[in-house]
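Geometric and topological summary
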Amino acid sequence: MIPADGAGAADGAGRPDRPAAPDVSVVIATAGRRVGLLWALDALAAQELPAGTTYEVNVVHGPERTPVLEAAREHPLVRSGIAAIIASEGLVASQKRNIAWRLGRAPLIAFTDDDCRPRPGWLAAFLAAHAEHPQGLLQGGAAIDPDQHEIAMRAPRPRLQRFAPPTAWAELCSMAFPRGLLEAVDGLDEGYGSVGEDTDLAWRMRERGAPWVAVPDAVVDHAVETPGLRGWLRTSTRFGESTRLKRRHPELRGHYPLGVFWVPNHAWLLVAAAGAGWALARRDVRPAALTLPYVAWHVTRYGRSWRGVARGMTELPGDVLVDGARVAGFVVWSARERTVLL
(Lines give C-alpha, C1' and ligand atoms only; values in the text may rest on other atoms or scores of the structure.)
Protein backbone atom coordinates (compact mmCIF):
# COMPACT_ATOMS: atom_id res chain seq x y z
CA MET A 1 0.00 0.00 0.00
CA ILE A 2 1.36 3.42 -0.97
CA PRO A 3 0.64 6.13 1.62
CA ALA A 4 -1.81 8.73 0.35
CA ASP A 5 -2.19 12.45 0.99
CA GLY A 6 1.10 12.77 2.79
CA ALA A 7 0.54 9.69 4.93
CA GLY A 8 3.69 7.79 5.57
CA ALA A 9 5.61 10.82 6.70
CA ALA A 10 6.50 11.33 10.31
CA ASP A 11 3.63 13.32 11.85
CA GLY A 12 5.65 15.74 13.89
CA ALA A 13 7.58 13.01 15.65
CA GLY A 14 10.57 11.42 14.02
CA ARG A 15 13.72 12.21 12.12
CA PRO A 16 13.97 15.84 11.04
CA ASP A 17 17.17 14.98 9.21
CA ARG A 18 18.18 11.75 7.50
CA PRO A 19 21.38 10.30 8.97
CA ALA A 20 23.25 7.43 7.38
CA ALA A 21 21.30 4.22 6.81
CA PRO A 22 21.15 2.08 9.97
CA ASP A 23 22.04 -1.60 10.26
CA VAL A 24 18.50 -2.69 11.08
CA SER A 25 15.03 -1.15 10.88
CA VAL A 26 12.34 -2.14 13.38
CA VAL A 27 8.68 -2.14 12.32
CA ILE A 28 5.72 -1.73 14.65
CA ALA A 29 2.12 -1.43 13.44
CA THR A 30 -0.25 0.05 15.99
CA ALA A 31 -3.76 1.37 16.48
CA GLY A 32 -2.36 3.47 19.30
CA ARG A 33 -4.64 1.97 21.93
CA ARG A 34 -2.17 -0.12 23.89
CA VAL A 35 0.02 1.48 26.51
CA GLY A 36 2.29 -1.44 25.65
CA LEU A 37 3.53 0.68 22.74
CA LEU A 38 5.40 2.80 25.27
CA TRP A 39 6.84 -0.31 26.91
CA ALA A 40 7.92 -1.58 23.49
CA LEU A 41 9.76 1.68 22.87
CA ASP A 42 11.37 1.42 26.32
CA ALA A 43 12.57 -2.08 25.48
CA LEU A 44 13.94 -1.01 22.11
CA ALA A 45 15.79 1.86 23.77
CA ALA A 46 17.48 -0.71 26.01
CA GLN A 47 18.83 -2.91 23.20
CA GLU A 48 22.40 -4.10 23.70
CA LEU A 49 24.24 -3.83 20.39
CA PRO A 50 27.88 -4.06 19.32
CA ALA A 51 29.75 -0.77 19.20
CA GLY A 52 29.00 1.15 16.03
CA THR A 53 25.75 -0.72 15.28
CA THR A 54 22.76 1.52 14.61
CA TYR A 55 19.04 1.00 14.26
CA GLU A 56 15.83 2.87 13.59
CA VAL A 57 12.22 2.24 14.61
CA ASN A 58 9.21 2.99 12.40
CA VAL A 59 5.91 3.01 14.29
CA VAL A 60 3.00 3.31 11.86
CA HIS A 61 -0.56 4.04 12.93
CA GLY A 62 -3.75 4.75 11.04
CA PRO A 63 -5.84 7.91 11.00
CA GLU A 64 -6.64 7.63 14.71
CA ARG A 65 -5.32 10.02 17.37
CA THR A 66 -5.01 8.61 20.87
CA PRO A 67 -3.40 9.57 24.19
CA VAL A 68 -0.95 6.69 23.79
CA LEU A 69 0.23 8.05 20.43
CA GLU A 70 0.58 11.52 21.91
CA ALA A 71 2.71 10.10 24.73
CA ALA A 72 4.77 8.08 22.24
CA ARG A 73 5.69 11.25 20.36
CA GLU A 74 7.41 12.47 23.52
CA HIS A 75 9.31 9.22 24.10
CA PRO A 76 13.11 9.68 24.34
CA LEU A 77 13.63 7.25 21.46
CA VAL A 78 11.46 9.45 19.26
CA ARG A 79 12.94 12.71 20.46
CA SER A 80 16.42 11.38 19.75
CA GLY A 81 15.47 10.66 16.14
CA ILE A 82 15.94 6.90 16.40
CA ALA A 83 12.19 6.24 16.26
CA ALA A 84 9.48 7.89 14.19
CA ILE A 85 5.72 7.92 14.76
CA ILE A 86 4.21 7.79 11.27
CA ALA A 87 0.61 8.54 10.31
CA SER A 88 -0.95 6.62 7.44
CA GLU A 89 -4.26 5.70 5.87
CA GLY A 90 -3.68 2.06 6.79
CA LEU A 91 -6.59 0.38 8.53
CA VAL A 92 -5.24 -3.14 9.05
CA ALA A 93 -1.90 -4.37 10.32
CA SER A 94 -0.67 -5.63 6.94
CA GLN A 95 -1.09 -2.17 5.38
CA LYS A 96 0.69 -0.42 8.24
CA ARG A 97 3.54 -2.93 8.24
CA ASN A 98 4.04 -2.52 4.50
CA ILE A 99 4.27 1.24 4.90
CA ALA A 100 6.71 0.88 7.80
CA TRP A 101 9.16 -1.52 6.19
CA ARG A 102 9.16 0.36 2.90
CA LEU A 103 10.13 3.50 4.78
CA GLY A 104 12.92 1.59 6.53
CA ARG A 105 16.43 2.19 5.20
CA ALA A 106 18.29 -0.77 6.61
CA PRO A 107 19.23 -4.02 4.83
CA LEU A 108 17.52 -5.99 7.64
CA ILE A 109 13.91 -5.37 8.71
CA ALA A 110 12.79 -6.65 12.12
CA PHE A 111 9.11 -6.88 13.06
CA THR A 112 7.50 -6.75 16.47
CA ASP A 113 4.17 -5.61 17.94
CA ASP A 114 2.93 -2.93 20.29
CA ASP A 115 2.14 -5.53 22.95
CA CYS A 116 5.69 -6.92 23.08
CA ARG A 117 8.88 -5.98 24.89
CA PRO A 118 11.94 -7.21 22.97
CA ARG A 119 14.61 -8.47 25.33
CA PRO A 120 17.95 -6.60 25.36
CA GLY A 121 19.65 -9.06 23.02
CA TRP A 122 16.80 -9.25 20.50
CA LEU A 123 18.26 -7.11 17.73
CA ALA A 124 21.79 -8.36 18.30
CA ALA A 125 20.62 -11.95 17.86
CA PHE A 126 18.89 -11.11 14.59
CA LEU A 127 21.91 -9.21 13.28
CA ALA A 128 24.22 -12.13 14.09
CA ALA A 129 21.87 -14.59 12.37
CA HIS A 130 21.59 -12.27 9.36
CA ALA A 131 25.38 -12.16 9.05
CA GLU A 132 25.44 -15.96 8.92
CA HIS A 133 22.30 -16.37 6.75
CA PRO A 134 22.04 -13.18 4.66
CA GLN A 135 19.15 -14.54 2.55
CA GLY A 136 17.25 -16.21 5.38
CA LEU A 137 13.96 -15.36 7.00
CA LEU A 138 14.74 -15.19 10.70
CA GLN A 139 12.29 -16.28 13.36
CA GLY A 140 12.66 -15.42 17.02
CA GLY A 141 10.56 -16.53 19.95
CA ALA A 142 8.00 -15.17 22.41
CA ALA A 143 7.46 -15.67 26.12
CA ILE A 144 4.85 -14.55 28.62
CA ASP A 145 5.79 -11.12 29.96
CA PRO A 146 7.20 -11.88 33.42
CA ASP A 147 5.45 -8.82 34.87
CA GLN A 148 2.13 -10.37 33.81
CA HIS A 149 2.78 -13.94 34.84
CA GLU A 150 0.25 -13.79 37.67
CA ILE A 151 -2.41 -12.54 35.25
CA ALA A 152 -1.68 -15.47 32.96
CA MET A 153 -1.99 -17.87 35.89
CA ARG A 154 -5.18 -16.46 37.41
CA ALA A 155 -7.25 -14.56 34.85
CA PRO A 156 -10.10 -16.45 33.14
CA ARG A 157 -9.36 -17.39 29.55
CA PRO A 158 -6.16 -15.41 29.11
CA ARG A 159 -4.91 -14.93 25.56
CA LEU A 160 -1.25 -15.91 25.51
CA GLN A 161 1.48 -15.83 22.91
CA ARG A 162 4.47 -18.03 23.65
CA PHE A 163 6.56 -20.15 21.32
CA ALA A 164 10.09 -21.23 20.54
CA PRO A 165 11.24 -21.08 16.92
CA PRO A 166 10.78 -22.44 14.42
CA THR A 167 6.99 -22.56 14.10
CA ALA A 168 5.02 -22.88 10.88
CA TRP A 169 3.06 -19.70 11.59
CA ALA A 170 5.89 -17.12 11.42
CA GLU A 171 4.41 -14.84 14.05
CA LEU A 172 5.47 -11.29 13.19
CA CYS A 173 5.86 -10.30 16.82
CA SER A 174 9.42 -11.63 16.49
CA MET A 175 10.66 -11.96 12.91
CA ALA A 176 13.32 -10.36 10.71
CA PHE A 177 13.83 -10.42 6.95
CA PRO A 178 16.39 -9.11 4.48
CA ARG A 179 14.94 -6.08 2.78
CA GLY A 180 15.63 -7.61 -0.62
CA LEU A 181 13.53 -10.65 0.27
CA LEU A 182 10.60 -8.46 1.29
CA GLU A 183 10.91 -6.57 -1.99
CA ALA A 184 11.07 -9.81 -3.98
CA VAL A 185 7.64 -10.93 -2.67
CA ASP A 186 6.20 -7.38 -2.61
CA GLY A 187 5.72 -7.43 1.15
CA LEU A 188 2.62 -8.52 2.99
CA ASP A 189 -0.60 -9.39 1.21
CA GLU A 190 -3.02 -6.63 2.23
CA GLY A 191 -5.97 -8.81 1.28
CA TYR A 192 -5.76 -10.47 4.69
CA GLY A 193 -7.91 -8.78 7.26
CA SER A 194 -7.01 -9.73 10.82
CA VAL A 195 -5.01 -12.97 10.70
CA GLY A 196 -2.75 -14.92 8.39
CA GLU A 197 -0.73 -12.23 6.64
CA ASP A 198 2.41 -13.09 8.60
CA THR A 199 2.23 -16.80 7.83
CA ASP A 200 1.44 -16.12 4.18
CA LEU A 201 4.46 -13.80 3.91
CA ALA A 202 6.89 -16.35 5.29
CA TRP A 203 5.58 -19.21 3.18
CA ARG A 204 5.81 -17.16 0.01
CA MET A 205 9.43 -16.50 0.90
CA ARG A 206 10.04 -20.16 1.63
CA GLU A 207 8.48 -21.12 -1.70
CA ARG A 208 11.09 -18.88 -3.36
CA GLY A 209 13.81 -20.95 -1.70
CA ALA A 210 14.66 -18.69 1.25
CA PRO A 211 16.00 -20.64 4.23
CA TRP A 212 13.88 -20.52 7.40
CA VAL A 213 16.27 -19.83 10.28
CA ALA A 214 15.41 -20.23 13.97
CA VAL A 215 16.92 -17.53 16.21
CA PRO A 216 16.09 -18.72 19.74
CA ASP A 217 17.96 -15.85 21.42
CA ALA A 218 15.73 -13.24 19.75
CA VAL A 219 12.91 -13.28 22.29
CA VAL A 220 10.12 -10.83 22.99
CA ASP A 221 8.10 -10.79 26.20
CA HIS A 222 4.50 -10.80 25.04
CA ALA A 223 1.68 -9.14 26.94
CA VAL A 224 -1.16 -11.21 28.37
CA GLU A 225 -4.62 -10.24 27.16
CA THR A 226 -7.80 -10.82 29.16
CA PRO A 227 -10.66 -10.32 26.70
CA GLY A 228 -13.20 -12.19 28.81
CA LEU A 229 -15.90 -14.43 27.37
CA ARG A 230 -17.52 -11.61 25.39
CA GLY A 231 -14.19 -10.67 23.88
CA TRP A 232 -13.46 -14.23 22.85
CA LEU A 233 -16.90 -14.57 21.27
CA ARG A 234 -16.60 -11.22 19.50
CA THR A 235 -13.35 -12.27 17.81
CA SER A 236 -14.06 -15.97 17.46
CA THR A 237 -14.90 -15.98 13.76
CA ARG A 238 -11.88 -13.97 12.58
CA PHE A 239 -9.62 -17.01 12.71
CA GLY A 240 -11.61 -18.61 9.90
CA GLU A 241 -9.48 -16.55 7.53
CA SER A 242 -6.77 -19.13 8.17
CA THR A 243 -8.62 -21.27 5.62
CA ARG A 244 -7.18 -19.05 2.90
CA LEU A 245 -3.69 -19.98 4.09
CA LYS A 246 -4.38 -23.67 3.69
CA ARG A 247 -5.67 -23.17 0.15
CA ARG A 248 -2.76 -20.98 -0.92
CA HIS A 249 -0.05 -23.03 0.79
CA PRO A 250 -0.92 -26.75 0.64
CA GLU A 251 2.25 -27.66 2.57
CA LEU A 252 0.64 -26.15 5.65
CA ARG A 253 -1.84 -29.05 5.69
CA GLY A 254 0.62 -31.16 7.64
CA HIS A 255 0.68 -28.60 10.45
CA TYR A 256 -3.06 -28.83 11.12
CA PRO A 257 -4.43 -31.71 13.25
CA LEU A 258 -5.56 -34.46 10.86
CA GLY A 259 -5.00 -31.94 8.08
CA VAL A 260 -8.49 -30.43 8.48
CA PHE A 261 -8.73 -28.99 11.99
CA TRP A 262 -7.37 -25.66 13.16
CA VAL A 263 -6.80 -26.95 16.70
CA PRO A 264 -7.40 -30.37 18.30
CA ASN A 265 -10.27 -29.23 20.51
CA HIS A 266 -12.34 -28.43 17.41
CA ALA A 267 -12.10 -32.08 16.42
CA TRP A 268 -13.08 -33.18 19.91
CA LEU A 269 -16.00 -30.73 19.90
CA LEU A 270 -17.48 -32.36 16.81
CA VAL A 271 -17.02 -35.81 18.32
CA ALA A 272 -18.69 -34.59 21.51
CA ALA A 273 -21.59 -33.06 19.58
CA ALA A 274 -22.11 -36.32 17.71
CA GLY A 275 -22.03 -38.30 20.94
CA ALA A 276 -24.46 -35.98 22.70
CA GLY A 277 -26.82 -36.00 19.74
CA TRP A 278 -26.67 -39.78 19.49
CA ALA A 279 -27.37 -40.16 23.20
CA LEU A 280 -30.40 -37.88 23.03
CA ALA A 281 -31.77 -39.51 19.88
CA ARG A 282 -31.45 -43.05 21.28
CA ARG A 283 -32.18 -42.09 24.88
CA ASP A 284 -29.06 -44.01 25.76
CA VAL A 285 -26.40 -42.53 28.01
CA ARG A 286 -23.54 -44.60 26.62
CA PRO A 287 -22.82 -42.52 23.47
CA ALA A 288 -22.41 -39.51 25.76
CA ALA A 289 -19.00 -40.98 26.61
CA LEU A 290 -17.84 -39.42 23.34
CA THR A 291 -17.97 -36.04 25.10
CA LEU A 292 -15.23 -37.07 27.54
CA PRO A 293 -12.19 -36.31 25.30
CA TYR A 294 -13.46 -32.76 24.76
CA VAL A 295 -14.17 -32.26 28.44
CA ALA A 296 -10.76 -33.68 29.39
CA TRP A 297 -9.02 -31.40 26.90
CA HIS A 298 -10.45 -28.27 28.47
CA VAL A 299 -10.49 -29.13 32.15
CA THR A 300 -6.82 -30.10 32.15
CA ARG A 301 -5.45 -27.16 30.12
CA TYR A 302 -4.41 -25.38 33.32
CA GLY A 303 -2.78 -28.53 34.67
CA ARG A 304 -3.98 -31.59 36.52
CA SER A 305 -3.94 -30.14 40.03
CA TRP A 306 -7.30 -29.77 41.69
CA ARG A 307 -7.06 -25.99 41.29
CA GLY A 308 -6.32 -26.28 37.59
CA VAL A 309 -9.12 -28.78 37.00
CA ALA A 310 -11.58 -26.65 38.98
CA ARG A 311 -10.59 -23.60 36.95
CA GLY A 312 -11.09 -25.52 33.72
CA MET A 313 -14.50 -26.82 34.82
CA THR A 314 -15.80 -23.34 35.60
CA GLU A 315 -14.78 -22.14 32.14
CA LEU A 316 -16.08 -25.19 30.25
CA PRO A 317 -19.56 -23.84 29.34
CA GLY A 318 -18.00 -20.71 27.85
CA ASP A 319 -15.41 -22.83 26.03
CA VAL A 320 -18.22 -24.72 24.31
CA LEU A 321 -19.66 -21.42 23.08
CA VAL A 322 -16.30 -20.09 21.86
CA ASP A 323 -15.31 -23.33 20.12
CA GLY A 324 -18.76 -23.63 18.55
CA ALA A 325 -18.59 -20.05 17.23
CA ARG A 326 -15.12 -20.68 15.83
CA VAL A 327 -16.13 -23.88 14.07
CA ALA A 328 -19.14 -22.08 12.58
CA GLY A 329 -16.81 -19.37 11.32
CA PHE A 330 -14.51 -21.96 9.78
CA VAL A 331 -17.47 -23.60 8.02
CA VAL A 332 -18.33 -20.29 6.36
CA TRP A 333 -14.71 -19.64 5.36
CA SER A 334 -14.27 -23.22 4.13
CA ALA A 335 -17.22 -22.79 1.78
CA ARG A 336 -15.84 -19.45 0.59
CA GLU A 337 -12.32 -20.76 -0.01
CA ARG A 338 -13.44 -24.19 -1.26
CA THR A 339 -11.15 -26.02 1.11
CA VAL A 340 -11.87 -27.67 4.45
CA LEU A 341 -10.50 -26.31 7.70
CA LEU A 342 -12.58 -26.57 10.85
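Up top you'll find the structure we're talking about.
Note that the structure is predicted; figures quoted are calculated from it, not measured. (Residues numbered from 1 in each chain as written. Predicted model: local features only at pLDDT ≥ 70, side-chain atom pairs only at ≥ 80, totals over all residues. Heavy atoms only, no water.)

Some points on the overall build of the protein chain
Heads up, the condition is: Here a helix means four or more residues in a row that DSSP labels H or I, a strand means two or more in a row labelled E, and each is numbered from the N terminus. With the radius of gyration taken over C-alpha atoms, the globule rule is written as 2.2 Å times the number of residues to the power 0.38. Areas reported as accessible are Shrake-Rupley estimates using a 1.4 Å probe. Residue values count occlusion only from the protein chains shown.
Helices and strands together make up the secondary structure of the protein chain, namely 13 helices and eight strands. Computed over its C-alpha atoms, the radius of gyration of the protein chain comes to 22 Å, within 12% of the 20 Å expected for a compact globule of 342 residues. Overall, the protein chain is about 75 × 40 × 40 Å in size when its C-alpha atoms are taken along their principal axes. Carbon and sulfur atoms provide 58% of the accessible area of the protein chain, an area that totals close to 15,800 Å².

Focus: the packing of helix α12 (residues 292-299) against helix α13 (residues 306-337)
Going by this rule: Axis definition: a line fit to C-alpha positions, over the contact stretch in the case of helices; interaxial angles, taken between N-to-C directions, run 0 to 180 degrees. In these notes the angle categories are as follows: under 35 degrees is roughly parallel, over 145 is roughly antiparallel, 65 to 115 is roughly perpendicular, and the rest is oblique. Left-handed describes a crossing in which the near helix is turned anticlockwise from the far one by less than a right angle; the clockwise case is right-handed. Contacts between residues were defined by any pair of non-hydrogen atoms, one from each residue, lying within 4.5 Å. Charged residues are taken to be Asp, Glu, Lys and Arg, nonpolar residues to be Ala, Val, Leu, Ile, Met, Phe, Trp, Tyr, Cys and Pro, and polar residues to be all remaining types, Gly included.
It is the contact of α12 with α13, at a shortest axis distance of 7 Å, that shows an interaxial angle of 120°. With respect to their mutual orientation, α12 and α13 come out oblique. α12 and α13 meet at a crossing whose hand is right-handed. Note on element contacts: α13 touches α12 through G308, V309, G312, M313, L316, D319, V320 and D323, opposite Y294, V295, H298 and V299. Among the residues forming the contact of α12 with α13, the class breakdown is seven nonpolar, three polar and two charged.

Let's talk about the nonpolar core
Side chains of nonpolar character tend, in soluble globular proteins, to be buried together. Worth spelling out the cut-off: We call a set of buried residues a nonpolar core when its members are Ala, Val, Leu, Ile, Met, Phe, Trp, Tyr or Cys and they connect through side-chain atoms within 4.5 Å of each other. For every residue, the accessible area (1.4 Å probe, protein chains only) is compared with the maximum for its type, and the residue is labelled buried under 20%, exposed over 50%, or partly exposed between those bounds.
Ranked by internal contacts, the top residues of the largest apolar core, which has 36 residues, are V57, A110, W122, F126, L138 and V215. Counting residues in hydrophobic clusters, the runner-up holds 22 residues, among them V27, I86, V185 and A202.

Describing helix α1 (residues 36-45)
Counted residue by residue, α1 has seven buried out of 10 residues, so it is predominantly covered. Inspection of α1 places G36, L37, L38, A40, L41, A43 and L44 among the buried residues, and these make up the whole buried set.

Some words on the environment of G187
Positionally, G187 belongs in the loop between α7 (179-184) and α8 (197-207). The exposure class assigned to G187 is buried, which follows from its relative accessible area of 1%. When the C-alpha atoms of G187 and M205 are compared, they prove to be 9.8 Å apart, with 18 residues separating the residues in sequence. Contacts of G187, omitting those with residues within four sequence positions, involve N98, W101, R102, L182, L201 and R204.

Digging into the packing of helix α11 (residues 264-282) against α13
Put simply, α11 and α13 touch, their axes get as near as 10 Å, and they point 100° apart. The angle between the axes of α11 and α13 places the two elements in the roughly perpendicular class. Across the interface between the two elements, N265, H266, L269 and L270 of α11 pack against D323, G324, R326, V327 and F330 of α13. For the contact of α11 with α13, the per-class residue count stands at four nonpolar, three polar and two charged.

Some thoughts on the pairing of strand β1 (residues 24-30)
Using the following cut-off: Strands qualify as paired when DSSP identifies two bridges or more between them.
Counting buried residues along β1, seven of its seven residues qualify, which places the element largely inside the surrounding structure. Here β1 shows two buried faces, one formed by V24, V26, I28 and T30 and the other by S25, V27 and A29. For β1 and strand β2 (residues 55-61), the ladder comprises seven bridges, and the chain directions are parallel. Bridged to I28 within β2 is V59. In the sheet, β1 pairs with strand β4 (residues 108-113) via six bridges, with the strands oriented parallel. By the bridge assignment for β4, V26 is matched with A110.

Quick look at the pattern of salt bridges
Between side chains of opposite charge, a pair can form when the charged atoms approach closely. Rules: Just to be clear on terms, a salt bridge is a Lys or Arg side-chain nitrogen sitting within 4 Å of an Asp or Glu carboxyl oxygen.
Under the criterion given, the structure shown has 22 salt bridges. Between D147 and R117 there is a salt bridge, with the nearest N and O atoms lying 2.8 Å from each other. You can see D147 sitting in the loop between β6 (137-144) and α6 (149-154) and its partner R117 sitting in strand β5 (residues 116-118), a full 30 residues away along the chain. The class of R117 is partly exposed, set by a relative accessible area of 24%. A salt bridge links R301 to D319, with the shortest nitrogen-to-oxygen separation between them at 3.0 Å. Of this pair, R301 sits in the loop between α12 and α13 while D319 sits in helix α13, and the two are 18 residues apart along the sequence. With relative accessibility at 5%, the residue D319 sits in the buried group.

Looking at unusual backbone geometry
Omega for the peptide link from P165 to P166 comes to 0°, which places this bond in the cis form. The residue P166 is located in the loop between α6 and β7 (175-178) in this model. Within the chain, D186 stands out as a residue other than glycine whose phi angle is a positive 60°. Within the fold, D186 resides in the loop between α7 and α8.

Brief notes about the sheet that holds strand β8 (residues 212-222)
The strand order β3-β2-β1-β4-β7-β6-β8-β5 describes an open sheet built from eight strands, whose pairing is mixed. Two strands lie at the open edges of the sheet, namely β3 (83-87) and β5, each paired on one side alone. In this sheet, adjacent strand axes meet at a mean angle of 30° when their direction is disregarded. Of the pairings in the sheet, the one linking β4 to β7 comprises four bridges and is antiparallel in character. By the bridge assignment for β7, F111 is matched with M175. Running at roughly 5° to β5, α1 makes contact with β1, β2, β3, β4 and β5 of the sheet. Here helix α5 (residues 122-132) sits on the sheet and contacts β1, β2, β4, β5, β6, β7 and β8; the angle it forms with β8, its principal contact strand, is near 175°.

Function-wise, these values are silent; they only describe arrangement.
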